[in-house]
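Structure at a glance
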Amino acid sequence: MQSTKPLTNHGEIPPWRESGLRYYSLRYRLHEMFGTRVQKVSINAHFTCPNVDGTVAMGGCTFCDNRSFSPSRRLPRADVLGQINQSLVRMRNRYADCEKFIAYFQPGTNTYAPVDRLRPLYEKALEHPQVVGLAIGTRPDCVPDDVLALLNELGERTYVSVEYGMQTMHNASLDWMNRGCHHDAMIDAMRRSQDRNFEISAHAILGLPGESHDDMLATARELARLKVDAVKLHNLYCVKNTPLADMVESGEVTLMGQDDYVRAVVDFLELLPPNVVVERISGDAPPDYFVGPDWCLNKGAVKREIDAEFARRDTWQGKAVQPSASM
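Residues numbered from 1 in each chain as written. Predicted model: local features only at pLDDT ≥ 70, side-chain atom pairs only at ≥ 80, totals over all residues. Heavy atoms only, no water.

A few words now on helix H11 (residues 258-270). Spanning 13 residues, H11 covers 18 Å between terminal C-alpha atoms, matching the ideal 18 Å at 1.5 Å per step. In the core, the buried residues of H11 are packed alongside strand S5 (199-206), helix H9 (213-226), strand S6 (230-235), strand S8 (277-280) and helix H12 (299-313). (Helix = DSSP H or I, 4+ residues; strand = E, 2+ residues; numbered from the N terminus. Expected span 1.5 Å × (residues − 1). Contact = heavy atoms within 4.5 Å.)

By size, the foremost hydrophobic cluster in this structure holds 73 residues, and its most contacted members are Phe268 and Leu269. Counting residues per element, this core draws most heavily on H11, which supplies seven residues. Setting aside chain neighbours within four positions, we find Leu269 in contact with Tyr23, Leu233, Val278, Ile281, Phe310, Gln317 and Gly318. (Core = buried A, V, L, I, M, F, W, Y, C linked by side-chain atoms within 4.5 Å. Buried < 20%, exposed > 50% of the residue type's maximum accessible area, 1.4 Å probe, protein only.)

For the rest of this paragraph, the subject is the pattern of salt bridges. In this structure the tally under the stated criterion is 19 salt bridges. Residues Arg263 and Asp267 are paired through a salt bridge, measuring 3.8 Å at the closest nitrogen-oxygen approach. Of this pair, Arg263 and Asp267 both sit in helix H11, four residues apart, which is roughly one turn of the helix. The partly exposed category is assigned to Arg263, whose relative accessible area is 42%. Glu270 is the partner of Arg313 in a salt bridge, and the nearest nitrogen-oxygen pair spans 3.7 Å. In this pair, Arg313 is assigned in helix H12 and Glu270 in helix H11, connecting sequence segments 43 residues apart. When its relative accessible area of 15% is taken as the criterion, Glu270 is described as buried. Through salt bridges with shared partners, one network takes in Arg263, Asp267, Glu270, Glu309, Arg312 and Arg313. (Salt bridge = Lys/Arg side-chain N within 4 Å of Asp/Glu carboxyl O.)

Another point: empty space enclosed by the protein. Tallied over the entire structure, the rule returns two cavities of 30 Å³ or more. Reported here for the largest cavity is a volume of approximately 40 Å³. Lining the largest cavity we find Pro140, Gly165, Met166, Thr168, Leu174, Arg179, Cys181, His182, His183 and Met186. Listing elements by their share of the lining of the largest cavity, those giving two or more residues are strand S4 (159-167) and helix H8 (183-193). Looking at the lining of the largest cavity residue by residue, the class counts come to five nonpolar, four polar and one charged. (1 Å grid on protein atoms, 1.4 Å probe; cavity = no way out; pocket = protein on both sides within 12 Å on 5 of 7 lines; lining within 4 Å. Points joined across faces, edges and corners; volume = space filled by probe spheres on them. Nonpolar A, V, L, I, M, F, W, Y, C, P; charged D, E, K, R; others polar.)

Attention now moves to the packing of helix H5 (residues 115-127) against helix H6 (residues 145-155). Contact geometry of H5 with H6 gives a least axis separation of 10 Å together with a crossing angle of 20 degrees. As far as their axial angle goes, H6 and H5 are roughly parallel. The two elements H5 and H6 cross, and the hand of that crossing is right-handed. Contacts between H5 and H6 involve Val115, Leu118, Arg119, Tyr122, Glu123 and Leu126 from the first element and Asp146, Val147, Leu150, Leu151, Glu153 and Leu154 from the second. Taken together, the residues that form the contact of H5 with H6 break down as eight nonpolar, no polar and four charged. (Axes fitted to C-alpha atoms, helices over the stretch in contact; angles between N-to-C directions. Parallel < 35°, antiparallel > 145°, perpendicular 65-115°, else oblique. Left-handed = near helix turned anticlockwise from the far one by under 90°.)

Before going further, it helps to spend a moment on the sheet that holds strand S1 (residues 38-43). With parallel pairing, seven strands are arranged side by side in an open sheet as S1-S2-S3-S4-S5-S6-S8. Looking at which strands have only one partner, the edges of the open sheet turn out to be S1 and S8. Averaged over all neighbouring strand pairs, the angle between strand axes comes to 25 degrees, with direction disregarded. Pairing of S1 with strand S2 (residues 100-105) involves six bridges; the strand directions are parallel. Across the sheet, the residue bridging to Gln39 is Phe101, located in S2. In the packing of H8 onto the sheet, contacts are made with S4 and S5, and the angle to S4 comes to roughly 160 degrees. The sheet strands contacting H9 are S4, S5 and S6, and the helix crosses S4 at an angle near 145 degrees. (Pairing = 2+ DSSP bridges.)

Here we take up unusual backbone geometry. A cis amide bond links Gly292 with the next residue in sequence, Pro293, at an omega value of 0 degrees. Note on placement: Pro293 falls in the loop between strand S9 (290-292) and H12. Even without being a glycine, Lys227 presents a positive backbone phi close to 60 degrees. Mapped onto the secondary structure, Lys227 falls in the loop between H9 and S6.

Applying the stated criterion across every chain, the model contains seven aromatic pairs. Ring plane angle 10 degrees and centroid distance 6.1 Å describe the contact between Trp16 and Tyr24, whose orientation is recorded as stacked. On the basis of relative accessibility, which here comes to 5%, the residue Tyr24 falls in the buried class. With centroids separated by 5.5 Å and ring planes inclined at 40 degrees, the aromatic side chains of Tyr261 and Trp295 adopt a geometry described as tilted. Linking Tyr261 in helix H11 with Trp295 in the loop between S9 and H12, this pair joins segments that are 34 residues apart in sequence. Overall, the relative accessible area of 16% leaves Trp295 in the buried class. Taken together, the aromatic side chains of Trp16, Tyr24 and Tyr28 make up a single cluster linked through ring pairs. The aromatic ring of Trp316 is capped on one face by Arg17, whose charged end is 3.8 Å from the ring centroid. (Phe/Tyr/Trp six-rings, centres within 6.5 Å; stacked < 30°, edge-to-face > 60°. Lys NZ or Arg CZ within 6 Å of the ring centre and 35° of its normal.)

Below, the structure is given as structure tokens:
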């Protein structure tokens, strides 16, 4: 199978900019690859995490209630194909023109099992006639070599994206969120993942307590240095029944404001090479789980503000990257 990794044309204006975009969006990228609209459909394979089951920590991440982050955690229990079909029924009204989907193994750590359990789950998703690839959310400390070999094998015949929950490069923040690993795990996972037949995506959170604007931009520079293929960004937001909810209620943590977030996103993306796909620029949660900040519930408005800030500055993704850094 031809490589699905984003291409870099050094010294040339990338096609996404010629199309009028300010950053290399996932929607644009998938249309490039498949020639039509492609959407992700969430699957809950009932994985836990090593900072939940006591392997590296207990209690999970400070901000995390997976039910709020993943639609599949809020659906009736079904097997992999059943969940895909349930989600397609739910999505038809919104995406009536969409016939191709990526099976997104989203909640929990979706490589946190032996290969003989992982393989049939991934293969089952690929049996669905409308599924054209896989996206697999995981942690950088949960990808042993045999799992990477499986992902590489699958990537030889279909699109595969492996999403590492990096969150930040700063170990103090990783300790605050009870992550149970440090940034050296991400560096190691990248070293062992590169030059394989799957895209490497990294998830990052802006507005973590104690992180300055410069700290957030340091994470952007680190993602560029690591040569990830894609990033997902959102602000730190708070859902009910989490340690973060208690911290917000007590005043220990103040959540990031919209203006600060918009500025941080644009500054962050200016530092990412133009061949890095931007999978997401904001996040939210269902109102029945949500604590705050209220502004991030209106994702359309947040996107408009980010687009307006790009236009106001006349800037774009990669503008602040030195030529040698994008190679």
